[in-house]
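Coordinate analysis (summary)
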Amino acid sequence: MEGTDVMVAVYDQDDRLRFANGAFRAAWHIEDDERPLWSDLMRRNFAARRGTVISADDFETWLRSVLGRRGKTGFRAFETDLHDGRWLWMTETMQADGWMLCVASDITSLRPDERELRQARDMAIKASETDDLTGIASRRFVMSKLEALVKTAPADPPMSAGQTTAVGCVAVLDIDNFKYINDRFGHSVGDAVLMDFAATIQRLVRKTDVLGRVGGEEFVLVLPNTTTWEAEAIIGRMLAEVRQSRPVREQVSFRYTFSAGLASARAGDDPADLYRRADLALYAAKMRGRDQIGIDVDGPRASGSAGS
């Protein structure tokens with residue numbers, strides 16, 4: 001593998017590089033003993049104008065958009081160019097545990113006009129999968145992942161005819177008192193809160209999870225292969241992080257919170273019903289005082305967890 005021109009790399013569930021052959025290390029300027037996070041590798045190469053060509057003025061906004069889609073499907077293929085002039089065909093193959101195999105081949109010799117058509121196609125697909133304001137996944141993308149979650153075949157057959165297998169969790173996240181924020185401080189502050197919320201939550205989203213904005217101040221988080229207990233702990237950390245956030249520089253005392261509704265997903269669930277159950281759990285959290293998690297009473301647990 002060290003002798004091939006094909007670029008090969010493996011990233012773990014935390015998106016840290018665990019293996020790269022010589023061709024991959026040379027293309028992305030990685031030392032033999034380095035094991036950087038993918039985001040750190042992209043960040044330093046963007047600053048040095050080497051490796052992947054990133055056509056963005058704001059790197060962090062670009063990164064947030066890419067992380068919203070990276071590792072969220074079992075297999076993805078796309079084209080990208082390098083600062084050294086090469087054009088690559090890259091594939092990303094995901095395992096259920098979050099490890100990713102990346103393979104890139106040099107396709108520089110393909111006709112430029114064909115390349116431009118494919119690039120335009122890829123940009124159109126990306127635009128349809130990305131929320132314009134926040135840069136995270138769009139409603140269309142995250143809802144497709146919710147549907148894919150409940151279509152997941154169980155690893156082991158049910159023990160009895162009426163038994164179903166849990167495949168993960170879905171959470172509906174809603175910023176508290178958002179209408180008041182817009183009315184009191186203006187839509188510019190409201191937009192700042194939405195962007196801050198998306199950025200804050202995205203930092204805590206695992207590689208296999210999908211966060212998307214579904215409209216207004218409402219977001220959906222899909223957590224495959226996650227128990228209710230684990231999902232509750234993850235969202236608890238998100239609640240704490242948002243409480244500490246200060247999205248408006250001119251008003252350091254301004255703060256905000258959010259509430260969450262959590263439902264356990266089982267193979268064969270109706271996606272609309274699963275979303276409804278999570279939404280009802282969100283409503284219960286709001287009624288109890290906001291800034292907390294509501295848990296679907298039809299799921300494996302019937303209790304909610306209030307924010308501290």
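Because the structure is predicted, anything quoted here is derived from the model rather than measured.

Section: the overall build of the protein
Secondary structure assignment for the protein yields 9 helices and 10 strands. Out of the 308 residues belonging to the protein, those deemed buried represent 47%. For the protein, restricting intrachain contacts to residue pairs at least 6 apart in sequence, the fraction spanning at least 24 positions comes to 56%. Split by element, the accessible area of the protein, about 15,400 Å² in all, is 52% carbon and sulfur.

Brief notes about the sheet that holds strand β10 (residues 293-295)
Spatial ordering of the open sheet is given by β7-β8-β6-β9-β10, a layout of 5 strands whose pairing is mixed. Bordering the open sheet on either side are β7 (210-215) and β10, each of which pairs with just one other strand. Recorded for the sheet is a direction-independent mean angle of 25° between the axes of neighbouring strands. Across 5 bridges, the pairing between β7 and strand β8 (residues 218-224) is antiparallel.

A short note on the layout of surface pockets
Put simply, the second largest pocket is a space of about 580 Å³. What lines the second largest pocket is a set of 20 residues, among which S39, L67, Q202, R203 and V205 lie closest to the centre. Among the secondary structure elements, those contributing two or more residues to the lining of the second largest pocket are α2 (38-48), α3 (59-67) and α7 (187-204). When grouped by side-chain class, the residues that make up the lining of the second largest pocket number 7 nonpolar, 3 polar and 10 charged.

Quick word on the packing of helix α6 (residues 178-185) against α7
In the contact formed by α6 and α7, the axes pass within 6 Å of each other and the chain directions differ by 140°. By the angle class used here, α6 and α7 are oblique. Listed contacts from α7 to F178, I181, N182 and F185 of α6 are H187, V189, G190, V193 and L194. Along the lines of polarity and charge, the residues of the contact of α6 with α7 split into 6 nonpolar, 3 polar and no charged.

Let's talk about the confidence of the model for the protein
Averaged over all residues, the pLDDT of the protein is 88; the fraction at 70 or higher stands at 87%. Below pLDDT 50 for its whole length, residues 155-162 participates in 2 contacts with residues either more than four positions away or in separate chains. Across residues 300-308, where pLDDT falls below 50, the model places 22 contacts with residues more than four positions away in sequence or in other chains.

So, the pairing of strand β9 (residues 258-266)
A regular strand carries its side chains on alternate faces of the sheet. In terms of residue burial, β9 counts as a mostly covered element, since 8 of its 9 residues are buried. One ladder, built from 9 bridges, connects strand β6 (residues 166-175) with β9; its direction is antiparallel. Within β9, the position partnered with A166 by the bridge is R266. Handedness of the β9-helix α9 (residues 271-287)-β10 crossover: left-handed.

A word on the packing of aromatic side chains
In total, this model carries 7 aromatic pairs according to the counting rule given. Geometrically, the ring pair formed by F197 and F219 is tilted, given 4.8 Å between the ring centres and 55° between the ring planes. Here the residue F197 occupies a position in helix α7, and F219 occupies one in strand β8, the gap between them amounting to 22 residues. Taking relative accessible area as the criterion, F197 reaches 0% and is therefore assigned buried. Take F219: its relative accessible area is 0%, and that puts it in the buried class.

So, the sheet that holds strand β1 (residues 7-11)
Taken in spatial order, the 5 strands of this open sheet run β2-β1-β5-β4-β3, and their pairing is antiparallel. Each of the sheet's edge strands pairs with one partner strand only, and the pair in question is β2 (17-20) and β3 (75-81). Each strand of the sheet is rotated relative to its neighbour by a mean of 20°, with strand direction disregarded. Taken together, the 7 bridges between strand β4 (residues 87-94) and strand β5 (residues 100-106) define a ladder with antiparallel strand orientation.

Looking at the packing of α7 against helix α8 (residues 228-243)
Helix-helix packing: each pair is described by the crossing angle between the helix axes and the interaxial distance. Two elements in contact, α7 and α8, have axes separated by 10 Å at closest approach and are oriented at 140°. By the angle between their directions, the pair α7 and α8 is classed as oblique. By crossing handedness, the relation of α7 to α8 is classed as right-handed. Residue-level contacts link F197, T200, I201, R203 and L204 of α7 to R237, M238, E241 and V242 of α8.

Here's the deal with the side chain of T91
Looking at the element boundaries, T91 is found in strand β4. Aside from chain neighbours lying at most four places away, what touches T91 is F75, R76, A77, L101, C102 and V103.

Procedures and definitions
- Sequence order sets the numbering: in each chain, residues are counted from 1 along the sequence as written.
- Predicted model: local features are reported for residues with pLDDT of at least 70 only, side-chain atom pairs are reported and counted for 80 or more only, and whole-chain, interface and lining totals are derived from all residues.
- Side-chain figures throughout are based on the complete set of non-hydrogen atoms in the structure, without hydrogens or water.
- In this description a helix means any DSSP run of H or I spanning at least four residues, a strand means any run of E spanning at least two, and both kinds are numbered starting from the N terminus.
- Residue burial is assigned from relative accessible area. The probe radius is 1.4 Å, only protein chains are included, and a residue is buried under 20% of its type maximum, exposed over 50%, and partly exposed in between.
- Any pair of residues with heavy atoms lying within 4.5 Å of one another is described as a contacting pair.
- With residues, only the protein chains shown are counted as cover, and all accessible areas are computed by Shrake-Rupley using a 1.4 Å probe.
- Pairs of strands are assigned from DSSP output, requiring at least two bridges between the strands.
- The angle between two axes is taken between their N-to-C directions and runs from 0 to 180 degrees, where each axis is a line fitted to C-alpha atoms and a helix contributes only its stretch in contact.
- Grid points spaced at 1 Å and placed over the protein atoms alone form the basis of the search, with a cavity being a set where a 1.4 Å probe fits but cannot get out and a pocket an open set showing protein on both sides within 12 Å along at least five of seven lines. Lining residues have an atom within 4 Å of a point.
- Grid points are joined across faces, edges and corners, and a volume is the space filled by probe spheres set on the points.
- For this scheme, ten residues count as nonpolar: Ala, Val, Leu, Ile, Met, Phe, Trp, Tyr, Cys and Pro. Four count as charged, namely Asp, Glu, Lys and Arg, and the remainder, Gly too, count as polar.
- Each angle receives one of four descriptions, namely roughly parallel if under 35 degrees, roughly antiparallel if over 145, roughly perpendicular if within 65 to 115, and oblique otherwise.
- The pLDDT value tells you how sure the predictor is about a given residue, anywhere from 0 up to 100.
- A crossover gets the label right-handed when its path from the first strand over the helix to the second runs clockwise, viewed with the strands pointing away from the viewer.
- For Phe, Tyr and Trp, rings pair up if their centres lie within 6.5 Å, where Trp contributes its six-membered ring, and each pair is then called stacked (planes under 30 degrees apart), edge-to-face (over 60) or tilted (otherwise).
- Left-handed describes a crossing whose near helix is turned anticlockwise from the far helix through less than a right angle; right-handed describes the clockwise counterpart.

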